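Structure at a glance
The primary structure of each chain is shown beneath.
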Amino acid sequence: MAENNKRTVATESELVDRLVAINRVTKVTKGGRAFSFAAIVVVGDGKGLVGWGLGKAGEVSAAIQKGAEAAKKNLIKVPVFNGTIPHEQIAHFGGSEVFLHPASHGTGVKAGGAMRAVLESVGVTDVLAKSKGSSNPHNLVKATFAALAEMRDAYTVAQNRGVSLTKVFKG
């Protein structure tokens, strides 16, 4: 139990934050226009641990900082093998749909915009990804996280089914 707490502290210091999108929001009041900023931030350690957060503030730097703090509270563990994902996955969020496909070594991260930031933060180096529908960064990040959260490695599948690892591949 204490070892697990050490691991959390160690990964906390290794987390690198990445700005996905920033949005200027205008509120029209009797006294004029009031500007504020909303920032979507993804944090990851490059070893399978990743989280996302939304920060809102009157200044850009404060919004990014709030987003990074929110992302650290929303971490998930993703299985990454040889720089790619274990299997294909499709996920939806709002009007966005994402398709993730494992790729051979040397392919690179074939993904755009918000999906690229999430996949690189996870530590995936080779993947083919396609987004369909809405290109809204909020929905793309959430759909990508939904796909990554459903990823399972062969060992976990074997354990859940109560069979040996070789039996999983024989189907």
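Conventions we followed
- Residues numbered from 1 in each chain as written.
- Predicted model: local features only at pLDDT ≥ 70, side-chain atom pairs only at ≥ 80, totals over all residues.
- Heavy atoms only, no water.
- Pairing = 2+ DSSP bridges.
- Helix = DSSP H or I, 4+ residues; strand = E, 2+ residues; numbered from the N terminus.
- Expected span 1.5 Å × (residues − 1).
- Buried < 20%, exposed > 50% of the residue type's maximum accessible area, 1.4 Å probe, protein only.
- Polar contact = N/O pair within 3.5 Å; in protein donor to acceptor, adjacent residues only side chain to side chain.
- Core = buried A, V, L, I, M, F, W, Y, C linked by side-chain atoms within 4.5 Å.
- Contact = heavy atoms within 4.5 Å.
- Salt bridge = Lys/Arg side-chain N within 4 Å of Asp/Glu carboxyl O.
- pLDDT = per-residue confidence, 0-100.

1. Thoughts on the pairing of strand S2 (residues 32–44)
Across a regular strand the side chains alternate sides, sitting on one face of the sheet and then on the other. Here strand S1 (residues 16–29) pairs with S2 via 13 bridges, running antiparallel. Counterpart to Arg 24 in the pairing with S2 is Phe 37. Turn length for the S1-S2 hairpin, with the two strands adjacent in sequence and antiparallel, is two residues. Where S2 and strand S3 (residues 49–57) come together, eight bridges link them in antiparallel fashion.

2. Some words on helix H4 (residues 137–149)
The end-to-end C-alpha distance of H4, which contains 13 residues, comes to 18 Å, matching closely the 18 Å that a straight helix rising 1.5 Å per residue would cover. All of the buried residues in H4 are Asn 139, Leu 140, Val 141, Ala 143, Thr 144, Phe 145, Ala 147 and Leu 148. Regarding H4, its N-cap is Asn 136, as a side-chain oxygen of that residue lies 3.0 Å from the backbone nitrogen of His 138 further along.

3. Concerning the nonpolar core
Val 98, Leu 100, Met 115, Leu 119 and Leu 148 are the most contacted members of the largest nonpolar core, which has 26 residues in total. Secondary-structure elements contributing two or more residues to this core are S2, strand S6 (96–102), helix H3 (113–122), strand S8 (127–133) and H4. The greatest single-element share of this core, amounting to six residues, is contributed by H4. If near-sequence neighbours (up to four positions away) are discounted, Met 115 is found in contact with Val 98, Phe 99, Leu 100, Ala 129, Lys 130, Ser 131, Leu 140 and Thr 144. One finds Ala 39, Val 41, Ala 57 and Ala 71 within the second-largest nonpolar core, a separate group that totals nine residues.

4. Remarks on the pattern of salt bridges
Per the counting criterion, the structure on display carries three salt bridges. Glu 120 serves as the salt-bridge partner of Arg 18, at 2.4 Å between the closest nitrogen and oxygen. One end of the pair, Arg 18, is in strand S1; the other, Glu 120, is in helix H3, and 102 residues separate them in sequence. By relative accessible area, Arg 18 is classed as partly exposed at 33%. A relative accessible area of 30% means that Glu 120 is categorised as partly exposed. Shared partners join several salt bridges into a network, and the residues in it are Arg 18, Arg 116 and Glu 120.

5. Some remarks on H3
Because each turn of an α-helix spans 3.6 residues, side chains separated by three or four positions end up pointing in the same direction. The buried fraction of H3 amounts to seven of the ten residues, a majority that puts the element mostly inside the structure. Along H3, the residues that are buried comprise Ala 114, Met 115, Ala 117, Val 118, Leu 119, Ser 121 and Val 122. Of the residues one or two after H3, Gly 123 is the one with positive phi, at around 115°.

6. Observations regarding the confidence of the model for the protein chain
Residues at a pLDDT of 70 or more form 90% of the protein chain, whose mean pLDDT is 87. Element-level pLDDT for the protein chain is lowest in helix H1 (residues 2–14), with a mean of 50, against a maximum mean of 96 in helix H2 (residues 60–72). Within the model, pLDDT remains below 50 along residues 1–10, and this stretch shows one contact once partners closer than five positions in the same chain are excluded.

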